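Understanding the architecture of this molecule
Take a look at the letters that make up each chain.
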Protein chains: 2
Amino acid sequence: MSRCGTVYVIGIGPGERSLLTPQAGDVLSRCQVVIGYSGYLSLIADLTEGKECYGLPLGEEAGRAQVALDQAQRGRTVGVVSSGDPGIYGMAGVVLQLLEAMPEDQRPEVVVVPGVSAVTAAASLLGAPLGHDFAVISLSDSLTPWETIERRLAAAADADFVIALLNPKSRQRAWQLDRSREIILRQRTPETPVGVVRNAYRPEQAIEITTLGELPAARVDMFTTVIVGNSQTRCFQSRLFTPRGMVRAS
Amino acid sequence: MSRCGTVYVIGIGPGERSLLTPQAGDVLSRCQVVIGYSGYLSLIADLTEGKECYGLPLGEEAGRAQVALDQAQRGRTVGVVSSGDPGIYGMAGVVLQLLEAMPEDQRPEVVVVPGVSAVTAAASLLGAPLGHDFAVISLSDSLTPWETIERRLAAAADADFVIALLNPKSRQRAWQLDRSREIILRQRTPETPVGVVRNAYRPEQAIEITTLGELPAARVDMFTTVIVGNSQTRCFQSRLFTPRGMVRAS
């Protein structure tokens, strides 16, 4: 249907404006309607001035995607903003899932604009913990059975992946991080270095380097990324890095 | 040593200028010396005009890091450019590995500037294949024993991770991708959707959606990212996405 507009799912990066890409800024400026979690919309308020904005609370991801598709069906150019990269547990998957359910001739175009992800943002503040093979696991069991998450934790620990844990804790989910730590400890020593980054590239940024043994003492909330080193990850002067073997091999 | 300068390890994103962050651009403009793989330096030639530039060939990662640290020890502000994100198999780990080996009082400051990674760039062009837990595995066995890579492939396939394969093939490494496919096929059906992205956000960009069964027919080279869906990944209208369950649960 030629009357259909376009939905841009836009990664705005971790928070700091200097990590929002020019592409994201350009696309935002072309949007007539901008939709997002109210907290993220406020981060980019100056970029959406004069536009129709819909701020929906956390948890209403499907609602946000639906508003976006509805608006685009009316021929409008719509931006859905997602913090970090929109494809990593972000809005891109939700929009595409709803798009698939629509009749083919009524589907608006959907374009995903990548961003600096929460995972790489956290890693950069720690040094280079993701320097070798890694797994990214969300500890939120609100939409994934906890058994699936446990199986992934065990597999990643066993195969010596560096492990990035997203959504490690919230007010409603208090025990998942401790349980994850127990599972990883079956394969790794308590001395395994762990990086804890809260609010990466945001005003309340806090970086903590600890170990798997000491992790329970770290301050962790829903704006935190926890990166657990593998058997090769090293720590010095508050920096973590996982060597690829490059230097030793040459 | 107060005479020491700073090494910035800078992610320049996948290639297209609009995905290079303002932070990366700002930092580059402050550098007196810029070091990188010659192919990447040419991508940002206009940003390094008038600066001292060292272009070293692929494979000389340790050499590049060494030049950077040497220059910073002389008090200079040095940029090491890395495509994508510098922390994912990039230069950040190499620089930190050499930094650790230096006497503590002679170490320059090292700052990592994150970028849009090759993995999320490829994913954005496919839709949202990384919408749920995923593993990133490099198939380059030049510095990692192949047995370790096989173990990770098997673990990731078994625990139903979406799997992003980097460095899938080169002139010297022809069989690793086929072997990886066989390992993943032990746990997944031949119909599993697979996205193949060559030269994401570069002039020769090519996007192919295929299946695990048909993967051998896809064109894959060293500038390709291969993303293998998990049991939940869906494909429609040349888009891949992995639902998080969000929509169904609401």
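Residues numbered from 1 in each chain as written. Chains lettered and ligands numbered in written order. Predicted model: local features only at pLDDT ≥ 70, side-chain atom pairs only at ≥ 80, totals over all residues. Heavy atoms only, no water.

**A closer look at the overall build of chain A**
The following threshold applies: Strands here mean DSSP runs of E at least two residues long; helices mean DSSP runs of H or I at least four residues long; both are numbered from the N terminus. The quantity called the radius of gyration is restricted to C-alpha atoms. Its globule counterpart is 2.2 Å times the number of residues to the power 0.38. Accessible area is worked out with a 1.4 Å probe on protein chains only. A residue is then buried under 20% of its type maximum, exposed over 50%, and partly exposed in between. Contacts were defined at the residue level, with two residues in contact if any of their heavy atoms lie within 4.5 Å. Note on areas: Shrake-Rupley, 1.4 Å probe, and residue coverage restricted to the protein chains presented here. For the purpose of counting charges, residues Lys and Arg are taken to be positive, whereas Asp and Glu are taken to be negative. His and the chain ends are not included. To locate a charge, take NZ of a lysine, CZ of an arginine, CG of an aspartate or CD of a glutamate.
A count of helices and strands for chain A gives 8 helices and 13 strands. Its C-alpha atoms give chain A a radius of gyration of 20 Å, near enough to 18 Å, the size a compact globule of 250 residues would have. If one aligns the C-alpha atoms of chain A with their principal axes, the spans along those axes are about 60 × 40 × 35 Å. By the burial criterion, 62% of the 250 residues in chain A qualify as buried. Put simply, 70% of the contacts in chain A that link residues at least 6 apart link residues at least 24 apart. For chain A, the accessible surface area stands at approximately 9,400 Å², while carbon and sulfur atoms represent 47% of it. Of note, chain A has its 24 positive side-chain charges centred 2 Å away from the centre of its 26 negative side-chain charges.

**Observations concerning the interface of chain A and chain B**
For clarity, the cut-off: By convention, the term buried area covers the 1.4 Å-probe accessible surface removed from two parts as they join, with the contributions of both added. Put simply, a salt bridge is a Lys or Arg side-chain nitrogen that is within 4 Å of an Asp or Glu carboxyl oxygen. Each residue receives one of three labels: charged for Asp, Glu, Lys and Arg, nonpolar for Ala, Val, Leu, Ile, Met, Phe, Trp, Tyr, Cys and Pro, and polar for the others, Gly being one of them. We treat two strands as partners when DSSP finds at least two bridges between them.
Residue-level contacts link 70 residues of chain A with 70 residues of chain B. Taken together, both faces of the contact between chain A and chain B bury some 6,400 Å²; the carbon and sulfur share is 59%. Joining chain A to chain B, the criterion identifies 6 salt bridges. A salt bridge links Asp160 of chain A to Arg152 of chain B, with the nearest nitrogen and oxygen atoms 3.8 Å apart. A total of 8 residues in the side of chain A that touches chain B trace back to one element, the largest contributor, which is helix H4 (residues 91-101) of chain A. Residues belonging to the side of chain A that touches chain B are distributed by class as follows: 35 nonpolar, 20 polar and 15 charged. Looking at chain direction, strand S7 (residues 134-138) of chain A and strand S7 (residues 134-138) of chain B are connected through 3 bridges and run antiparallel. When the sheet's bridge partners are listed, Ala135 of chain A is paired in S7 of chain B with Ala135 of chain B.

**Considering the environment of Pro193 of chain B**
All names here are of chain B. Position of Pro193 among the secondary structure elements: in strand S9 (residues 193-198). Residue classification places Pro193 among the buried residues on the basis of a relative accessible area of 10%. Spatially, the C-alpha atom of Pro193 lies 9.0 Å from that of Gly213, the residues being 20 residues apart in sequence. The contacts of Pro193, once residues within four sequence positions are left out, are Thr210, Thr211, Ile227, Val228, Gly229, Thr233, Cys235 and Leu240.

**Considering the nonpolar core**
Rule in force here: Among buried residues, those of type Ala, Val, Leu, Ile, Met, Phe, Trp, Tyr and Cys that are joined through side-chain atoms within 4.5 Å constitute a nonpolar core.
Grouped together as the largest cluster of nonpolar side chains are 48 residues, with contacts concentrated most on Ile137, Leu153 and Leu165 of chain A together with Ile137, Leu153 and Leu165 of chain B. Apart from the residues lying within four places of it in its own chain, the contact partners of Leu153 of chain B are Ile137, Leu139, Trp146, Ile163, Leu165, Ser180, Ile183 and Ile184 of chain B. If you look at the next biggest cluster of nonpolar residues, it comprises 40 residues, including Val116 and Leu126 of chain A together with Ala123 and Val162 of chain B.

**Regarding the pattern of salt bridges**
The tally for this structure, following the rule as stated, stands at 18 salt bridges over all chains. Arg152 of chain B is the salt-bridge partner of Asp133 of chain A, the closest N and O atoms lying 2.9 Å from each other. Separated into two different chains, Asp133 of chain A in the loop between strand S6 (127-128) and S7 and Arg152 of chain B in helix H6 (residues 146-158) make up a pair that spans both. You'll find Asp133 of chain A and Arg152 of chain B in the same group, each marked buried. One salt bridge in this structure joins Arg179 of chain B and Glu150 of chain B, with 2.7 Å as the shortest N-O distance. Remark: Glu150 of chain B occurs in helix H6 and Arg179 of chain B occurs in helix H7 (residues 176-185); sequence separation between them is 29 residues. You can call Glu150 of chain B partly exposed: its relative accessible area is 22%.

**Some words on the sheet that holds strand S13 (residues 239-241) of chain A**
For sheets, the rule is that strands pair by backbone hydrogen bonds, running either parallel or antiparallel. Rules: All axes are obtained by fitting lines to C-alpha atoms, using only the stretch in contact for helices, and the reported angles, taken between N-to-C directions, cover 0 to 180 degrees.
Read across the open sheet, the 3 strands follow the order S6-S13-S12 (chain A); overall the sheet is mixed. Of all strands in the sheet, those with a lone pairing partner are S6 and strand S12 (234-236) of chain A, marking the two edges. Pairing analysis gives 3 bridges linking S12 of chain A to S13 of chain A, with the strands arranged antiparallel. From the neighbouring strand, Arg234 of chain A faces S13 of chain A, where its bridge partner is Phe241 of chain A. Helix H4 (residues 91-100) of chain B contacts S6, S12 and S13 of chain A of the sheet and is inclined by roughly 120° relative to S13 of chain A.

**Here's the deal with unusual backbone geometry**
All names here are of chain B. Backbone geometry at Asp160 places phi at a positive 60°, although glycine is not the residue there. Relative to the helices and strands, Asp160 is located in the loop between H6 and strand S8 (162-166). A positive phi angle, near 45°, is found at Asn167, a position not held by glycine. Summarising the element assignment, Asn167 is placed in the loop between S8 and H7.

**As for the relation of the copies chain A and chain B**
Note the cut-off: Alignment of copies: least-squares fit on C-alpha atoms of residues with pLDDT of at least 70 in both copies.
The transformation that overlays chain A on chain B combines an axial shift of 0.0 Å with a rotation of 180°, and the residual RMSD is 0.0 Å. The relationship between the two copies is best expressed as a two-fold rotation axis. Of the interface residues in chain A, 100% have counterparts in chain B that sit at the interface too, so the contact is made through matching surfaces.

**Points about the pairing of S7 of chain B**
Residue and element names in this part refer to chain B. Basically, it comes down to this: The definition of a right-handed crossover adopted here requires that, viewed with the strands pointing away, the path from the first strand over the helix to the second runs clockwise.
Along S7, 5 of the 5 residues are buried, which leaves the element largely enclosed by surrounding structure. Residues Phe134, Val136 and Ser138 line one face of S7 and the alternating positions Ala135 and Ile137 line the opposite face, and both faces are buried. Across 5 bridges, S7 lies against S8 in parallel orientation. Looking at the pairing, Val136 lines up with Ala164 of S8. As for the winding sense of the linkage, the β-α-β connection from S7 through H6 to S8 is right-handed.

**Here we look at the packing of aromatic side chains**
Spelled out, the test is: Pairing of aromatic rings covers Phe, Tyr and Trp, the last through its six-membered ring, and needs centres within 6.5 Å; plane angles under 30 degrees mean stacked, over 60 mean edge-to-face, and all others mean tilted. Geometrically, a charge over a ring is one whose NZ (Lys) or CZ (Arg) sits within 6 Å of the ring centre while staying within 35 degrees of the ring normal.
Here the structure, examined in full by the defined rule, presents 6 aromatic pairs over all chains. Consider the rings of Trp146 of chain A and Trp175 of chain A, whose centres lie 5.0 Å apart with planes at 75°: the pair is edge-to-face. With Trp146 of chain A in helix H6 (residues 146-158) and Trp175 of chain A in the loop between strand S8 (162-166) and helix H7 (176-185), this pair connects stretches of sequence that are 29 residues apart. For Trp146 of chain A, a relative accessible area of 10% gives the class buried. The ring of Phe161 of chain B has Arg152 of chain A sitting right over it, with the charged end atom 5.8 Å from the ring centre.

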